[in-house]
Amino acid sequence: MPDDRRIAHIDMDAFFASCELSQYPELRGQAMVVAGRRSDAPRVNADGTREFARLRDYAGRGVLTTATYEARAFGVHSGMPTMQAARLAPDAILLPVNFDLYRTYSRLFKDAIRSVSPTIEDVGIDEVYADLSLLNDESEQIARKLKSAVFEATNLTCSVGIAPNKLLAKLCSDIQKPDGITILRLEDLQARIWPMAAKKINGIGPKANAKLTSLGITTIGEIAACSEQWLIEQFGRSYGAWLHRVSHGLDDRPVVTHSEPVSMSRETTFEQDLHAVRHRQELGTAFTRLCEQVALDLQRKGYLARRIGIKLRFNDFQTVTRDVTLPEPVADAKALRHAATQCLKRVDLVKSIRLLGVKAGGLQRPGATESDAPAQFTLDF
DNA sequence: TCTGGGGTCCTAGGACCC
DNA sequence: TCTGGGGTCCTAGGACCC
């Protein structure tokens with residue numbers, strides 16, 4: 001890997017909320033959250049004005065998808081149970097998630113980035129990496145071009161981080177959050193990255209962070225001060241060595257422009273926990289529906305699945321999965337349901353069920369054979 | 001009135017094969 | 001009848017990310 005790589009991470013600012021504000025500009029400056037279901041959609045009055053649901057009107061088991069800065073001032077944040085948020089900010093405007101809208105904006109934003117730098121990697125709906133190594137302009141100038149292209153296409157702002165690798169670019173784009181540009185050289189590691197919280201690193205989640213904290217480590221610099229040997233003793237060979245590398249700003253992952261899906265799944269959390277015997281009918285209906293949705297997803301995207309699985313979450317939040325590998329790949333709802341039912345029979349259904357999910361893995365394109373998968377490693381003599 | 005939905009990747013044990 | 005040692009597949013669970 002050449003050491004003169006230049007990678008950008010581009011992150012849309014408060015993406016879902018910003019998309020919604022473009023639809024409902026009258027909500028600008030108000031406390032607003034995105035959560036809930038279709039029934040929370042605003043109603044249009046005869047005079048064209050709109051009436052919005054309030055957080056206090058919400059009844060259900062969801063969590064906040066996002067919250068505007070005005071709403072965050074009440075102590076609510078994304079991921080918080082919506083019922084809990086309703087106690088803190090009962091008057092906040094409540095909007096249902098509108099993924100079709102976000103996908104539309106996502107396409108516009110990614111096309112805009114591509115027009116400036118064609119080599120991009122998708123990382124979810126609201127962020128991308130771009131490999132700038134082959135571009136001639138100064139980083140600062142590219143960052144401005146990226147931002148103005150995005151703004152022209154969407155009327156939305158984004159934050160850009162440019163650094164020698166993906167790890168640092170991602171950390172960078174978070175430094176100047178709304179509407180910012182941050183450019184980082186490897187020499188800046190100590191001054192700009194080491195003071196940051198360890199959990200800012202992609203891959204240090206709640207569990208790893210809790211363990212680091214229990215060892216007296218909270219910043220990236222404090223990880224860097226540990227020996228690799230000690231980190232391996234604490235976290236295992238693989239994760240310990242990785243912690244050591246990332247704390248020193250090292251990351252040679254390439255920008256991956258294309259990837260095939262690994263699995264497709266659908267799941268649903270019930271309004272009330274359902275019991276396998278008492279609510280047999282409702283469970284059966286939901287189960288069939290999930291299988292139909294997964295089958296439709298497979299067919300629309302043109303995949304067959306050889307591994308079918310289910311997921312159950314019980315009333316005590318214990319989660320179990322079962323899956324089965326089929327001799328032949330399938331994509332129709334009946335075959336999916338049959339395989340998923342076999343899986344269901346292997347679970348002890350004593351506790352009430354909170355969540356039910358169906359998943360299709362081992363994806364292949366129709367007509368592909370077993371030998372197609374490792375073909376990329378075939379040498380051509 | 002706790003805790004969504006859609007993903008990826010890793011680990012680890014047992015089966016099975018050479 | 002004292003018991004190796006890889007490699008791969010299958011399955012379950014868990015950490016993590018957006």
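Residues numbered from 1 in each chain as written. Chains lettered and ligands numbered in written order. Predicted model: local features only at pLDDT ≥ 70, side-chain atom pairs only at ≥ 80, totals over all residues. Heavy atoms only, no water.

## Concerning the overall build of chain A
Phase 1 of the analysis: Counting its secondary structure elements, chain A contains 13 helices and 15 strands.
Phase 2 of the analysis: Along the three orthogonal principal directions, the C-alpha set of chain A runs to about 70 × 65 × 45 Å.
Phase 3 of the analysis: Counting every position in chain A, which comprises 381 residues, the buried fraction comes to 43%.
Phase 4 of the analysis: In chain A, 68% of the contacts between residues at least 6 apart in sequence involve partners at least 24 apart. (Helix = DSSP H or I, 4+ residues; strand = E, 2+ residues; numbered from the N terminus. Buried < 20%, exposed > 50% of the residue type's maximum accessible area, 1.4 Å probe, protein only. Contact = heavy atoms within 4.5 Å.)

## Brief notes about the UniProt feature "domain: UmuC" (unreviewed entry) in chain A
Phase 1 of the analysis: As recorded in UniProt, the sites labelled "domain: UmuC" (unreviewed entry) are residues 7–205.
Phase 2 of the analysis: Regarding residues 7–205, the helix share stands at 34% and the strand share at 19%, and the terminal C-alpha atoms are separated by 23 Å. (UniProt positions renumbered as here; feature names shortened; annotations may be inferred.)

## Digging into the protein's contact with DNA strand C
Phase 1 of the analysis: Taken together, 19 residues surround DNA strand C, and among them Lys170, Gly203, Lys207, Asp323 and Thr325 come closest.
Phase 2 of the analysis: A breakdown of the atoms of DNA strand C within 4 Å of the protein gives sugar and phosphate a share of 100%.
Phase 3 of the analysis: Within the backbone of Ile201, a nitrogen or oxygen atom sits 3.4 Å from a phosphate oxygen of DNA strand C.
Phase 4 of the analysis: Going through the elements one at a time, helix H8 (206–214) and strand S14 (319–330) are the ones with two or more residues in the surface near DNA strand C.
Phase 5 of the analysis: A per-element tally of the surface near DNA strand C places S14 first, with 6 residues. (Near = heavy atom within 4 Å. Polar contact = N/O pair within 3.5 Å; in protein donor to acceptor, adjacent residues only side chain to side chain.)

## Concerning the protein's contact with DNA strand B
Phase 1 of the analysis: Residues in close proximity to DNA strand B total 19 residues, the closest being Arg87, Ser265, Glu267, Thr269 and Arg354.
Phase 2 of the analysis: Counting only atoms of DNA strand B within 4 Å of the protein, the sugar-phosphate share comes to 66%.
Phase 3 of the analysis: The separation between a base oxygen of DNA strand B and a polar side-chain atom of Arg87 is 2.5 Å.
Phase 4 of the analysis: In the environment of DNA strand B, a phosphate oxygen lies 2.5 Å from a nitrogen or oxygen atom belonging to the backbone of Glu267.
Phase 5 of the analysis: The set of elements that each furnish at least two residues to the surface near DNA strand B consists of strand S12 (264–274) and strand S15 (353–364).
Phase 6 of the analysis: Residues that form the surface near DNA strand B fall into these classes: 7 nonpolar, 6 polar and 6 charged. (Nonpolar A, V, L, I, M, F, W, Y, C, P; charged D, E, K, R; others polar.)

## Observations regarding the sheet that holds strand S2 (residues 32–34)
Phase 1 of the analysis: The mixed open sheet is built from 4 strands, whose spatial order is S5-S7-S2-S6. In the strand order of this sheet, the two ends are held by strand S5 (53–54) and strand S6 (66–67), each with one partner.
Phase 2 of the analysis: Alignment of S2 against S6, held across 2 bridges, turns out to be antiparallel. Bridge assignment links Val33 to a residue of S6, and that residue is Ala67.
Phase 3 of the analysis: Its contacts with the sheet place helix H1 (residues 15–23) against S2, S6 and strand S7 (93–95), and it is angled at close to 110° to S2. (Pairing = 2+ DSSP bridges. Axes fitted to C-alpha atoms, helices over the stretch in contact; angles between N-to-C directions.)

## Quick notes on the domain arrangement of chain A
The accessible area lost on association of the parts is a frequent measure of interface size.
Phase 1 of the analysis: Here chain A is partitioned into domain 1 (7–14 + 101–190), domain 2 (16–97), domain 3 (194–247) and domain 4 (264–369).
Phase 2 of the analysis: Counting residues at the interface gives 7 residues for domain 1 and 9 residues for domain 3.
Phase 3 of the analysis: Both faces considered, domain 1 and domain 3 share a buried interface measuring about 720 Å² in area, 69% of it formed by carbon and sulfur atoms.
Phase 4 of the analysis: For domain 1, the biggest contributors to the area lost against domain 3 are Leu167, Leu171 and Gln190; these three give 59% of the whole.
Phase 5 of the analysis: Between the two partners, domain 1 and domain 3, sit 1 salt bridge.
Phase 6 of the analysis: Between Lys200 and Asp174 there is a salt bridge whose closest N-O contact spans 2.8 Å.
Phase 7 of the analysis: Where domain 1 touches domain 3, the interface holds 2 residue pairs in polar contact (both at pLDDT 80 or more). (Domains from an automatic or database assignment. Buried area = accessible area lost by both parts, 1.4 Å probe. Salt bridge = Lys/Arg side-chain N within 4 Å of Asp/Glu carboxyl O.)

## Here we look at the pairing of S14
Phase 1 of the analysis: The sheet contact formed by strand S13 (residues 304–314) and S14 spans 8 bridges and is antiparallel. When the sheet's bridge partners are listed, Ile308 is paired in S14 with Val324.
Phase 2 of the analysis: Two successive antiparallel strands, S13 and S14, enclose a turn made up of 4 residues, where Phe317 displays a positive phi of approximately 75°.

## Let's talk about the packing of aromatic side chains
Phase 1 of the analysis: Overall, the coordinates contain 7 aromatic pairs when judged by the stated rule.
Phase 2 of the analysis: Taking the centre distance of 5.6 Å and the plane angle of 70° together, the rings of Phe99 and Tyr102 count as edge-to-face. In this pair, Phe99 and Tyr102 are both assigned in helix H4 (residues 99–116), 3 residues apart and thus about one turn of the helix distant.
Phase 3 of the analysis: The interplanar angle of 45° and the centroid separation of 6.0 Å between the aromatic rings of Phe235 and Tyr239 together place this pair among those described as tilted. (Phe/Tyr/Trp six-rings, centres within 6.5 Å; stacked < 30°, edge-to-face > 60°.)

## Structural notes on the side chain of Ser117
Phase 1 of the analysis: Its place among the elements puts Ser117 in the loop between H4 and strand S8 (120–122).
Phase 2 of the analysis: Given the relative accessible area of 0%, Ser117 is considered buried.
Phase 3 of the analysis: Excluding its chain neighbours within four sequence positions, the residues that come into contact with Ser117 are Ala130, Asp131, Leu132 and Leu135.

## Remarks on the nonpolar core
Phase 1 of the analysis: Grouped together as the largest cluster of nonpolar side chains are 36 residues, with contacts concentrated most on Ile10, Phe15, Leu27, Met32, Ile113 and Leu146.
Phase 2 of the analysis: Of all the secondary-structure elements, those providing two or more residues to this core are strand S1 (7–12), H1, S2, S7, H4, strand S9 (127–131), helix H5 (139–154) and strand S10 (158–163).
Phase 3 of the analysis: Here this core gathers at least three residues from each of two domains, domain 1 (7–14 + 101–190) and domain 2 (16–97).
Phase 4 of the analysis: Contact partners of Ile10, with chain neighbours within four places excluded, come to Phe109, Ile113, Asp126, Glu127, Val128, Ala130, Leu146, Cys158, Ser159 and Val160.
Phase 5 of the analysis: Listed in part, the 32 residues of the second largest apolar core include Ala286, Leu326, Ala331 and Leu363. (Core = buried A, V, L, I, M, F, W, Y, C linked by side-chain atoms within 4.5 Å.)

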